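Residue strings, one per chain:
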Amino acid sequence: MKAPERIETTRLVLQRPVESDLEAIFSRYASDPDVTRFVSWPRHTSLDDTRAFFAFSEGEWNRWPAGPYLIRSRDSGMLLGSTGLAFETPVRASTGYVLAADAWGKGFATESLQAMIEIARAVGVVGLHALCHTEHRASCRVLEKGGFLREGILNRHTIFPNLGVKEPCDVFHYVRSLCDE
Ligand SMILES: CC(C)(COP(=O)(O)OP(=O)(O)OC[C@H]1O[C@@H](n2cnc3c(N)ncnc32)[C@H](O)[C@@H]1OP(=O)(O)O)[C@@H](O)C(=O)NCCC(=O)NCCS
């Protein structure tokens, strides 16, 4: 079963990326050093990087029930960030989120995460996962507000390419069970 390519929440529109979004993705968040500090992908330094993201997104959407979603304001249409589902199997996926700096602190990550949980459940995911750098308090808080439980620490697990350290960092592993609701 495929997920909808466009969903509306109270304040947001979440939509599958299209090619005309690339410049806004690059300029609004993907090239911003502060925004990309704790993400697991290298900050975009040219539009070619954003094109590579789009190719990745198309591949995910073609192969799996869903893939990346862009987050826009329902009021203004402005691009605010992105989220999505990354499938490992048909019943197991991970999620994450990144927002442009001027969209922080307004509950948008929490609202987007709730939408991802609902989509994941609707397409048959039973376990939704997320990883979070152990020092990234705001992101941990978003996951906990979304009903994710911290299962433990994965030591020296994830490389954060924009932190300026070559070694993998410790991350919290969060899980949201979806099968018993
Ligand atoms: C992390 C991020 C997604 C949060 O988005 P957001 O829309 O501001 O989050 P929300 O407003 O929904 O919720 C943030 C929560 O964290 C809390 N918070 C923010 N900074 C915090 C900090 N330094 N320590 C503890 N809690 C913090 C907020 O108070 C809020 O909790 P509350 O509702 O109980 O008050 C956003 O800052 C972002 O995109 N950062 C850059 C990309 C990124 O790091 N993504 C995550 C990769 S794992």
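Note that the structure is a prediction, hence the values are computed from the model and not measured.

Visitor: Please clarify how the pattern of salt bridges should be interpreted in this entry.
Guide: One pass over the structure, following the stated rule, counts ten salt bridges. Linking E8 and R74 is a salt bridge whose minimum nitrogen-to-oxygen distance equals 3.4 Å. Here R74 lies in the loop between strand 3 (68-73) and strand 4 (79-89) and E8 lies in strand 1 (residues 6-8), a separation of 66 residues in the sequence. On the accessibility criterion, R74 (41% relative accessible area) is partly exposed. Of the charged contacts in the structure, one is a salt bridge between E88 and R92, with a shortest N-O distance of 2.4 Å. Judged by relative accessible area, which is 41%, E88 ranks as partly exposed. Ionic contacts of the salt-bridge type, sharing partners, join the residues E5, R16 and E58 into one network.

Visitor: Explanation requested: helix 2 (residues 47-63) in the structure shown.
Guide: What sets the pattern is the α-helix's 3.6 residues per turn: residues three or four places apart point alike. Its 17 residues place the ends of helix 2 24 Å apart at the C-alpha level, agreeing with the 24 Å of an ideal helix rising 1.5 Å per residue. Those residues of helix 2 lying buried are T50, F53, F54, S57, E60 and W61. Down the axis of helix 2, the smallest arc covering the buried residues is 125°, so these residues share one side. Helix 2 presents A55, N62 and R63 as exposed residues on the side facing more than 90 degrees away from its buried surface. Next to the buried residues of helix 2 lie helix 1 (22-30), strand 3 and strand 4.

Visitor: Honestly, the packing of helix 1 against helix 2 in this entry has me stumped. Any pointers?
Guide: Two packed helices can be described by the angle between their axes and the distance between those axes. The N-to-C vectors of helix 1 and helix 2 enclose an angle of 115°; their axes lie 9 Å apart at closest approach. Considering the relative orientation of helix 1 and helix 2, their crossing is right-handed. Contacts from L22, E23, I25 and F26 in helix 1 reach L47, T50, R51, F53 and F54 in helix 2. The class makeup of the residues in the contact of helix 1 with helix 2 is six nonpolar, one polar and two charged.

Visitor: For this particular structure, what's the right way to read the sheet that holds strand 3?
Guide: In any sheet, the strands associate via hydrogen bonds between backbone groups, in a parallel or an antiparallel arrangement. Taken in spatial order, the eight strands line up as 1-2-3-4-5-6-8-7 in an open sheet, and their pairing is mixed. In this open sheet, the two strands that pair with only one neighbour each are strand 1 and strand 7 (149-158). Neighbour-to-neighbour, the strand axes of this sheet turn through a mean angle of 25°, independent of strand direction. When strand 1 meets strand 2 (residues 12-15), the two strands line up antiparallel, connected through three bridges. Note that in strand 2 the partner of R6 across the bridge is Q15. Together, strand 1, strand 2, strand 3, strand 4, strand 5 (92-99), strand 6 (127-133) and strand 8 (169-177) form the strand contacts of helix 3 (residues 108-122), whose direction differs from that of strand 4 by roughly 30°.

Definitions and limits used
- Each residue is numbered by its place in its chain's sequence as written, counting from 1.
- The predicted nature of this model means local features are confined to residues of pLDDT at least 70 and side-chain atom pairs, given and counted, to a pLDDT of 80 or more, with totals for whole chains, interfaces and linings taken over all residues.
- Hydrogens and water are ignored here; the side-chain numbers use all heavy atoms of the structure.
- For salt bridges, the criterion is a side-chain nitrogen of Lys or Arg within 4 Å of an Asp or Glu carboxyl oxygen.
- Strands are runs of DSSP state E lasting at least two residues, helices are runs of H or I lasting at least four, and both sets are numbered from the N terminus onward.
- Note on classification: 1.4 Å probe, protein chains only; a residue is buried when its accessible area is under 20% of the maximum for its type, exposed when over 50%, partly exposed between these limits.
- To estimate the expected span of a helix, subtract one from its residue number and multiply by 1.5 Å.
- Directions pointing from the helix axis toward each C-beta atom define the arc.
- We call two residues contacting when some pair of their heavy atoms lies within 4.5 Å.
- Orientation is described by lines fitted to C-alpha atoms, with helices fitted over the stretch in contact, and by angles between N-to-C directions that extend from 0 to 180 degrees.
- Helix crossings get a hand from a simple test, with the near helix turned counterclockwise from the far one by less than a right angle marking a left-handed crossing and a clockwise turn marking a right-handed one.
- The classification used treats Ala, Val, Leu, Ile, Met, Phe, Trp, Tyr, Cys and Pro as nonpolar, Asp, Glu, Lys and Arg as charged, and all other residues, Gly among them, as polar.
- By the convention used here, strands pair only if DSSP detects at least 2 bridges between them.

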